[in-house]
Amino acid sequence: MPSLKPMLRHATVVLVVGVALAASFVGAFHDPRPHRMPVGVVAPAVQVARLDAGVTAHAPGALSLRPYPSAAAAATAIKHRAIDGAVVLGPARARLLVASAAGEQTVATIQRAFTPASMRMPVVTEDLAPLPASDRAGLAPFFFVLTLLIPSVLIGVALTVVVKDMPVHDRLVGAAMFAVALAVIDALLSNVAYGALGGGYLQLVGLGSLISFAASSVTVGLGRLLGPLGVALAVLGLLIVGVPASGAAVGPAFIPGFYAALHPILPMGQGLDAVRNAVYFSGHATADKLWLLGGWALLGIVLATIGTRWSLPELLHPRRQATASATSEPDAANMSVA
């Protein structure tokens, strides 16, 4: 009868990962509340101060009101992703400038904060970046990036754990080829087959390839440098923490402070923002996210390169490496004699 120890060991690892995922996801999304969500205000300074006091009294720390000189300036700030929405006070009514493409939760929060009752005048809502008919819930960008990230981490794990004898250069080339193939297929499904994501097809392929390679190269690099510990760190940072830190469909303003602080750093959050901005906001506020994703990809290459000369498993088990080398030398000699 085969030993149960390997099965129990693998089952324990999977169980730990499952519990960590549940704890991280539920902790981030069980009670989504806005945290200093930036909202513009077009009104005289006295009215801005009155609105700020009312919002602070009703929901402390929820919104961060920023004055703008005109409705046009506030609209430009929304389209350039500087603010999430704006309220424009007029003599007879108030206008709410929103962008549902930034998240339905964001729109709903602004509408709840500035109701006709609280404003004491009629309120109308203008959507400057509406969602397409094929994606009314605004979930397509999140699932596009998520279905890039998970297979990319898995291919990184496979190239580290399963394919052990492959040179690091070949592993990185394999990860890059996989990234392009995955992005082509995901963009084809999202953009062409289902029409859930607008924008240019080649644009999505480029973004998807960068997001995928950033995740897979970091996994390969950490795995080569730190062994199983590196693989665990990659899974922890890219998936267990990275996915909740992206804000998912609710947006980064609605997740707890720990995850919100990591949102501008981790690939999942920046990849999601880059796709959303490219598709719905004409590419505004995208360049810095592309630089960060490129930095993650470069980091993975650097870590993998260092791992070819110095790795934690080889430092911890030098005798095993020496034994393997000594064993291979007699075998090679016997083969040459034969």
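Please read all numbers here as calculations on a predicted model, not as lab measurements.

Now for the overall build of the chain. Scanning the chain for helices and strands turns up 15 helices and 5 strands. Looking at the 338 residues of the chain, the share that counts as buried comes to 43%. The long-range share in the chain, meaning contacts at least 24 apart out of those at least 6 apart in sequence, stands at 73%. In the form shown here, the chain has an accessible surface area of approximately 16900 Å², with 69% of it arising from carbon and sulfur atoms. Put simply, the chain has 21 plus and 15 minus side-chain charges, and the middle of one group is 7 Å from the middle of the other.

This part covers the sheet that holds strand E2 (residues 63–67). Ordered by their spatial adjacency, 5 strands build an open sheet running E2-E1-E3-E4-E5, and the pairing between neighbours is mixed. Since the sheet does not close on itself, it has two edges, and those belong to E2 and strand E5 (123–127), each with one partner. Averaged over all pairs of adjacent strands, the angle between their axes in this sheet comes to 25°, without regard to strand direction. Examined bridge by bridge, strand E3 (residues 85–89) and strand E4 (residues 94–98) share 5 bridges and lie antiparallel to one another. Residue Val87 lies in a different strand from E4, and its bridge partner there is Leu96. Together, strand E1 (37–42), E3 and E4 form the strand contacts of helix H3 (residues 71–79), whose direction differs from that of E4 by roughly 25°.

This brings us to the pattern of salt bridges. Under the defined criterion, the tally for this structure stands at 5 salt bridges. With a closest N to O distance of 3.9 Å, Asp84 and Arg81 form a salt bridge. In this structure Asp84 comes out as buried when scored by relative accessible area, which is 14%. A salt bridge links Glu126 to Arg95; the shortest N-O distance between them is 2.8 Å. Pair noted here: Glu126 is in strand E5 and Arg95 is in strand E4, with a separation of 31 residues, a long-range link. For Arg95, a relative accessible area of 23% puts it in the partly exposed group.

Moving on: unusual backbone geometry. In this structure, Arg120 takes a positive phi of about 60° despite not being glycine. Secondary-structure assignment places Arg120 in the loop between helix H5 (116–119) and E5. Residue classification places Arg120 among the exposed positions, given a relative accessible area of 77%. Notably, Ala285 is not glycine yet its phi reads approximately 55°, a positive angle.

So, about the side chain of Ser100. Along the chain, the position of Ser100 falls in the loop between E4 and helix H4 (104–113). Overall, the relative accessible area of 5% leaves Ser100 in the buried class. Only 3.2 Å separates the side chain of Ser100 from the backbone nitrogen of Leu131, close enough to count as a polar contact. Residues contacting Ser100, with those up to four places away along its chain left out, are Val107, Asp127, Ala129, Pro130 and Leu131.

With that settled, consider the environment of Ala82. For Ala82, the location among the structural elements is in the loop between H3 and E3. Taking the C-alpha atoms as reference points, Ala82 and Ala285, separated by 203 residues in sequence, lie 8.3 Å from one another. Ignoring sequence-local partners within four residues, the contact set of Ala82 consists of Pro38, Arg66 and Ala77.

Let's shift gears to the pairing of E1. Across the 6 residues of E1, 6 count as buried, placing the element largely inside the fold. Of the two faces of E1, the one lined by Met37, Val39 and Val41 and the one lined by Pro38, Gly40 and Val42 are each fully buried. Between E1 and its parallel partner E2, the chain crosses via helix H2 (residues 45–58), and the hand of that crossover is right-handed. As paired elements, E1 and E3 share 4 bridges and run parallel to each other.

Turning to a nonpolar patch on the surface, a few remarks are in order. A surface patch of nonpolar side chains, amounting to about 520 Å² of accessible area, comprises Leu298, Ile301, Val302, Ile306, Trp310 and Leu315. Take the nonpolar patch: its biggest share by element is 4 residues, from helix H13 (residues 287–309). Positionally, Val302 belongs in helix H13.

With that out of the way, let us pick up the packing of aromatic side chains. Following the criterion strictly, the structure yields 2 aromatic pairs and no others. Their ring planes at 65° and their centres at 5.1 Å tell us that Phe142 and Phe143 sit as a pair that is edge-to-face. Residues Phe258 and Tyr259 carry aromatic rings whose centres are separated by 5.2 Å and whose planes lie at 75° to one another, so their mutual orientation is edge-to-face. Between Arg81 and the ring centre of Phe281, over which it is positioned, the NZ or CZ distance is 4.5 Å.

Attention now goes to the side chain of His263. Relative to the helices and strands, His263 is located in the loop between helix H11 (257–262) and helix H12 (267–280). When sequence neighbours within four positions are dropped, the list of residues in contact with His263 reads Ala245, Ser246, Gly247, Pro252, Gly269, Gln270 and Asp273.

Cut-offs used in this document
- Residues numbered from 1 in each chain as written.
- Predicted model: local features only at pLDDT ≥ 70, side-chain atom pairs only at ≥ 80, totals over all residues.
- Heavy atoms only, no water.
- Helix = DSSP H or I, 4+ residues; strand = E, 2+ residues; numbered from the N terminus.
- Buried < 20%, exposed > 50% of the residue type's maximum accessible area, 1.4 Å probe, protein only.
- Contact = heavy atoms within 4.5 Å.
- Areas by Shrake-Rupley, 256 points an atom, 1.4 Å probe, with all protein chains shown as cover.
- Lys, Arg positive; Asp, Glu negative; His and termini not counted.
- Charge placed at Lys NZ, Arg CZ, Asp CG, Glu CD.
- Pairing = 2+ DSSP bridges.
- Axes fitted to C-alpha atoms, helices over the stretch in contact; angles between N-to-C directions.
- Salt bridge = Lys/Arg side-chain N within 4 Å of Asp/Glu carboxyl O.
- Polar contact = N/O pair within 3.5 Å; in protein donor to acceptor, adjacent residues only side chain to side chain.
- Right-handed = clockwise from strand over helix to strand, strands pointing away.
- Patch = residues over 30% accessible without salt bridge, like charges linked within 9 Å, V, L, I, M, F, W, Y side chains within 5 Å.
- Phe/Tyr/Trp six-rings, centres within 6.5 Å; stacked < 30°, edge-to-face > 60°.
- Lys NZ or Arg CZ within 6 Å of the ring centre and 35° of its normal.

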